[in-house]
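Listed below are the residues making up each chain.
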Amino acid sequence: MMNSSMNMMSRNMEMISRLRKAAHYQKKAVAALLPECAESHIDVIGNELKLMLVEMLTASMVSNDMKNVESGENISRTEKEAKKKKVDIS
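Residues numbered from 1 in each chain as written. Predicted model: local features only at pLDDT ≥ 70, side-chain atom pairs only at ≥ 80, totals over all residues. Heavy atoms only, no water.

Below, the discussion takes up the overall build of the chain. Helix and strand counts for the chain stand at 3 helices and 0 strands. Along the chain, from the amino end to the carboxyl end, the secondary structure elements read α-α-α. Taking all 90 residues of the chain together, the buried fraction comes to 2%. Carbon and sulfur atoms make up 61% of the accessible area of the chain, which totals about 8900 Å². (Helix = DSSP H or I, 4+ residues; strand = E, 2+ residues; numbered from the N terminus. Buried < 20%, exposed > 50% of the residue type's maximum accessible area, 1.4 Å probe, protein only. Areas by Shrake-Rupley, 256 points an atom, 1.4 Å probe, with all protein chains shown as cover.)

Once that is clear, we can look at the pattern of salt bridges. Pairing between side chains of opposite charge can happen when their charged atoms approach one another. Taken as a whole, this structure holds 2 salt bridges when the rule is applied. The partner of E14 in a salt bridge is R18, with the nearest N and O atoms 2.8 Å apart. Here R18 and E14 lie together in helix α1 (residues 2-33), a separation of 4 residues that amounts to about one turn. Taking the relative accessible area as the measure of exposure, E14 reaches 40% and is therefore partly exposed. Residue R18 is classed as exposed on the basis of its relative accessible area of 53%. For D43, the salt bridge identified is with K27, shortest N-O distance 3.1 Å. Here D43 is found in helix α2 (residues 39-71), whereas its partner K27 is found in helix α1, with 16 residues between them in sequence. A relative accessible area of 30% means that D43 is categorised as partly exposed. We classify K27 as partly exposed; its relative accessible area is 47%. (Salt bridge = Lys/Arg side-chain N within 4 Å of Asp/Glu carboxyl O.)

This part covers a nonpolar patch on the surface. Taken together, the side chains of V30, L33, L34, I42, I45, L49 and M52 present a nonpolar region at the surface, about 640 Å² in accessible area. Among the secondary structure elements, those contributing two or more residues to the nonpolar patch are α1 and α2. By residue number, the principal contributor to the nonpolar patch is α2, which donates 4 residues. Note on placement: L34 falls in the loop between α1 and α2. (Patch = residues over 30% accessible without salt bridge, like charges linked within 9 Å, V, L, I, M, F, W, Y side chains within 5 Å.)

Now for the confidence of the model for the chain. The share of residues in the chain with pLDDT of 70 or more is 76%, and the mean pLDDT across the chain is 82. Confidence, expressed as mean pLDDT per element, reaches its minimum in the chain at helix α3 (residues 77-83) with 58 and its maximum at α1 with 89. (pLDDT = per-residue confidence, 0-100.)

The following block contains the structure:
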C-alpha cells in the first residue's frame, strides 16, 4: 500500500514538473510574438494573476474553516466524547 502511494506521488510530481515546463515554453512562445517592451508588462500581469489566485484560495480555505467551526465539525474528539451520555445497563 505504501509503495503504491509513493508511486502515485512520484507520478504526480512528474506531471507537475511537465506542466511547469510546458508553461515555461508557452510563456516564451507568447513573448516571442510580442515586442520586447511588452515582456515586462506580461511579467507584471503574470505576478498579479498569481497573487489573485493565492488570495482567492486563501479566502476559500478560511471560508470553509469558518463553516466547519459553525457546524461543529471542528470539535475535538474529547469534546464530542464529553458530550456523550453514558448509560449503565445492569
